[in-house]
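Listed below, chain by chain, are the residues.
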Amino acid sequence: MSDEQGLDRVRRAVYRPVGRANALENTVSRIVQTIRIGVVAPGEALPPERSLAELYGVSRDTVREAIRELADTGWLVPRRGRYGGTFVADPPPRPETPASVDPTELDDTLGMRQLLEPGAARAAALRTMTADERDALWQRHTAASDASLDQYRRLDSLFHLAIAEAAGIPSLVPLVADSRARVNTWLDAFPLLPRAIEHSQEQHERIVSAILAGRADEADAAMRDHLAASEALMRGFLS
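Residues numbered from 1 in each chain as written. Predicted model: local features only at pLDDT ≥ 70, side-chain atom pairs only at ≥ 80, totals over all residues. Heavy atoms only, no water.

Details of the overall build of the protein
Link 1 in the chain: Scanning the protein from terminus to terminus reveals 10 helices and two strands.
Link 2 in the chain: Along the chain direction, N to C, the helices and strands of the protein fall in the order α-α-α-α-β-β-α-α-α-α-α-α.
Link 3 in the chain: For the protein, the C-alpha radius of gyration of 18 Å lies close to 18 Å, the compact-globule estimate for 239 residues.
Link 4 in the chain: Considering only C-alpha atoms, the protein reaches an extent of 50 × 40 × 35 Å along its principal axes.
Link 5 in the chain: Counting the 239 residues in the protein, one finds 47% classified as buried.
Link 6 in the chain: Looking at the protein alone, contacts between residues at least 24 apart form 73% of all its contacts between residues at least 6 apart.
Link 7 in the chain: With the model as given, the accessible surface of the protein reaches about 11,800 Å², and the carbon-plus-sulfur share is 51%.
Link 8 in the chain: Here the protein contributes 29 positively and 35 negatively charged side chains, and the mean placements of these two sets differ by 4 Å. (Helix = DSSP H or I, 4+ residues; strand = E, 2+ residues; numbered from the N terminus. Rg over C-alpha atoms; globule rule 2.2 N^0.38 Å. Buried < 20%, exposed > 50% of the residue type's maximum accessible area, 1.4 Å probe, protein only. Contact = heavy atoms within 4.5 Å. Areas by Shrake-Rupley, 256 points an atom, 1.4 Å probe, with all protein chains shown as cover. Lys, Arg positive; Asp, Glu negative; His and termini not counted. Charge placed at Lys NZ, Arg CZ, Asp CG, Glu CD.)

Considerations on the nonpolar core
Link 1 in the chain: Tyr 15, Ile 31, Leu 76, Leu 137, Ile 163 and Ile 211 are the most contacted members of the largest nonpolar core, which totals 60 residues.
Link 2 in the chain: Beyond its immediate chain neighbours, meaning those up to four positions away, Ile 163 contacts Ala 120, Ala 121, Ala 124, Leu 137, Ile 207, Ile 211 and Met 223. (Core = buried A, V, L, I, M, F, W, Y, C linked by side-chain atoms within 4.5 Å.)

A look at unusual backbone geometry
Glycine aside, the phi torsion of most residues is negative, and most peptide linkages are trans.
Link 1 in the chain: Residues Asp 90 and Pro 91 are joined by a peptide bond in cis, for which omega reads 5°.
Link 2 in the chain: Structurally, Pro 91 is set in the loop between strand E2 (85-88) and helix H5 (103-126).

Things to note about the packing of helix H6 (residues 131-145) against helix H9 (residues 194-212)
Link 1 in the chain: Look at H6 against H9: their axes get within 10 Å of each other, and the N-to-C directions meet at 175°. When the axes of H6 and H9 are compared, the pair comes out roughly antiparallel. Of H9, the residues touching H6 (which contributes Arg 134, Leu 137, Trp 138, His 141, Ala 144 and Ser 145) are Gln 201, His 204, Glu 205, Val 208, Ser 209, Ile 211 and Leu 212.
Link 2 in the chain: Split by residue class, the contact of H6 with H9 holds six nonpolar, five polar and two charged. (Axes fitted to C-alpha atoms, helices over the stretch in contact; angles between N-to-C directions. Parallel < 35°, antiparallel > 145°, perpendicular 65-115°, else oblique. Nonpolar A, V, L, I, M, F, W, Y, C, P; charged D, E, K, R; others polar.)

Regarding H5
Link 1 in the chain: For H5, which comprises 24 residues, the first-to-last C-alpha distance of 35 Å matches the rise-based estimate of 34 Å (1.5 Å per residue) to within 8%.
Link 2 in the chain: Of the residues that open H5, the one with a side-chain oxygen 2.9 Å from the backbone nitrogen of Thr 104 is Asp 102. (Expected span 1.5 Å × (residues − 1). Polar contact = N/O pair within 3.5 Å; in protein donor to acceptor, adjacent residues only side chain to side chain.)

So, the confidence of the model for the protein
Link 1 in the chain: Chain-level pLDDT for the protein is 88 on average; 92% of the residues reach the 70-or-more range.
Link 2 in the chain: Confidence scores differ between elements of the protein, with helix H1 (residues 3-14) showing the lowest mean pLDDT of 66 and H5 the highest of 95. (pLDDT = per-residue confidence, 0-100.)

Some remarks on the environment of Ile 211
Link 1 in the chain: Locating Ile 211 in the fold gives a position in helix H9.
Link 2 in the chain: Residue Ile 211 is classed as buried on the basis of its relative accessible area, which comes to 2%.
Link 3 in the chain: In this structure Ile 211 touches Ala 121, Ala 124, Ala 125, Met 129, Leu 137, Ile 163 and Ala 219, once residues within four positions along its chain are discounted.

The structure is reproduced here in structure tokens:
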């Protein structure tokens, strides 16, 4: 499986039908999720309205209204003409100060993350991956390692989603995507710290190396250490 094929499966995880109740709100939420986890990068175009309506299982009017709402709040930029479409704002809006966080919601999200992502790393290490799958995972790691500050969060998110994909459990990917989108809401509330990023990259390499070597316990433990460091930063800025 190529890196692009892996990303296609991540796209399918976020471009899936929304609930019929509160269709507008759910569509807005799902579009924001694709932006927060980096499936569509700043400056890139969303799929056409007709495609989004089919993917989300809603009407084109609902998609059009969701796009209008997000354009009004600075998330999307509609453009007309031959090369028109709906583009992600570059840069997307970010809060100037840390958002007010419900401690119960924070505990719930971080607790779920501690269940999902170490399990994904363990499952990936226990799989016999093809050469293409191994290459795709390593490429996601190197892309995050080489990322500029303005691209880091997006490529870091795609790295974590690549591990979920490597686990070989299709239903796990949308769960990790949902969790990551919620986490990114809080990560975006405070600045990137270069030394913390350097430490994160070292942890990424330990995780990937353990997965590719088939060392499941080590992959699990390395992911837990990585998430603990991220959690410490979030609690420090948000509590």
